[in-house]
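A closer look at the structure
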Amino acid sequence: MSGSLFAPDDGPWAERLAAGTVLLHGWACADAERLLAAVDEVARRSPPRGMATPGGQAMSVTTTSCGDWGWVSDRRGYRYSAVDPDSGQPWPAMPAALRALARDAAEAAGFPGFDPDACLINCYLPGARMGLHQDKDERDFSAPIVSVSLGLPAVFLLGGSRRADPAAAMLLQHGDVLVWGGPDRMRFHGVKPVKPGEHPLLGGRRVNLTFRKAR
Ligand code: MD3
Ligand code: FE
């Protein structure tokens, strides 16, 4: 044990951001290398790729998926697909280490029994961002979403249920796990442009995993 007397720095700690939103600081730090090995194996079979919004705008983030369903976007719209459109094959299975992390984090945040069937993997290089949006392509909004941040930090924006509602800015750092559901499931949210930097495990990038119940 060392460091500040005012903030725990020797393990994960939970912060409730809203009625249905819990930030588990450092929750994934101890597992990060194992999680990254699992992500690398997924990325080998279904490499992250830039997608276009339905309006034809190139997204700055590159994306892949694992699990029964993967999230895709193109001129036809946003949707979940059982097949990686680049490979024509099913998405890689969700690695057990990833599934277990999502389930345990959801339980710690008050959502026991979370059984995700989709894990979206977003890769951010410096400058990549995600505009304010809602996650509404899933069939059942009663399940929470679990987000795991790895590598470079990013400022995420937590808005309200309407686009025009004010958004709070918070830092998501390596190992942070954010769980949101219930009354917060449909909040608008986004990520500000990632700043250049160097992370010991991930180098100059940020990887975010979001676990969902798609169908
Ligand atoms: C909790 N991903 O893939 S996750 C997405 O960091 C997506 O890649 C972002 O939004 C990423 O759809 C953000 C963190 C997050 C964002 C917004 C929230 C957690 C939230 C809004 C409400 C509650
Ligand atoms: Fe989202």
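Scroll up a little and you will see the structure.
Note that the structure is a prediction, hence the values are computed from the model and not measured.

A word on the environment of aspartate 74
- Mapped onto the elements of the fold, aspartate 74 is located in strand E5 (residues 70–74).
- The sequence separation of aspartate 74 and leucine 23 amounts to 51 residues, and the corresponding C-alpha distance is 31 Å.
- Not counting residues up to four positions away in its chain, the partners in contact with aspartate 74 are Ala52, Thr53, Pro54 and Arg79.
- Polar contacts involving the side chain of aspartate 74 include one to the main-chain amide nitrogen of arginine 76, which spans 2.8 Å.
- A distance of 2.8 Å separates a polar atom in the side chain of aspartate 74 from a polar atom in the side chain of arginine 79.

Notes on the coordination of the iron ion (ligand 2)
- Bound to the iron ion (ligand 2) are the protein donor atoms His133 (NE2), Asp135 (OD) and His189 (NE2), situated 2.0 to 2.2 Å from the metal.
- The sequence pattern describing where the donors of the iron ion (ligand 2) fall on their chain is H-x1-D-x53-H.
- You can call aspartate 135 buried: its relative accessible area is 6%.

What to know about the pairing of E5
- The buried fraction of E5 amounts to 4 of the 5 residues, a majority that puts the element mostly inside the structure.
- Note that E5 and strand E6 (residues 77–81) share 5 bridges and pair antiparallel. The residue of E6 that forms the bridge with valine 72 is arginine 79.

Topic: the pattern of salt bridges
- Following the criterion strictly, the structure yields 11 salt bridges and no others.
- As a salt-bridge pair, aspartate 86 and arginine 49 come within 3.5 Å of each other at their nearest N and O atoms. Highlighted residues: aspartate 86 in the loop between E6 and helix H2 (96–108) and arginine 49 in strand E3 (residues 49–52), separated in sequence by 37 residues.
- With a relative accessible area of 58%, aspartate 86 lands in the exposed category.
- With its nearest N and O atoms 3.3 Å apart, the salt bridge here joins arginine 212 to aspartate 135. Here arginine 212, found in strand E14 (residues 206–212), pairs with aspartate 135, found in the loop between strand E8 (130–133) and strand E9 (145–151); they are 77 residues apart in sequence, far enough to count as distant. The same class applies to arginine 212 and to aspartate 135, which are both buried.
- Three or more residues are tied together by salt bridges with common partners; here these are Asp135, Glu138, Arg185 and Arg212.

Here's the deal with the sheet that holds strand E10 (residues 154–158)
- The strand order E8-E13-E10-E11 describes an open sheet built from 4 strands, whose pairing is antiparallel. For this open sheet the edge positions go to E8 and strand E11 (168–172), each flanked by a neighbour on one side alone. Strand-to-strand twist across the sheet, computed as the mean angle between neighbouring axes with direction ignored, equals 20°.
- As defined by bridge partners, E10 adjoins strand E13 (residues 189–191) across 3 bridges and the pair is classed as antiparallel. Bridge pairing links leucine 158 to histidine 189 in E13.

Rules and cut-offs
Residues numbered from 1 in each chain as written. Chains lettered and ligands numbered in written order. Predicted model: local features only at pLDDT ≥ 70, side-chain atom pairs only at ≥ 80, totals over all residues. Heavy atoms only, no water. Helix = DSSP H or I, 4+ residues; strand = E, 2+ residues; numbered from the N terminus. Contact = heavy atoms within 4.5 Å. Polar contact = N/O pair within 3.5 Å; in protein donor to acceptor, adjacent residues only side chain to side chain. Donors = N, O, S within 2.8 Å, 3.2 Å for Na, K, Ca; no water. Buried < 20%, exposed > 50% of the residue type's maximum accessible area, 1.4 Å probe, protein only. Pairing = 2+ DSSP bridges. Salt bridge = Lys/Arg side-chain N within 4 Å of Asp/Glu carboxyl O. Axes fitted to C-alpha atoms, helices over the stretch in contact; angles between N-to-C directions.

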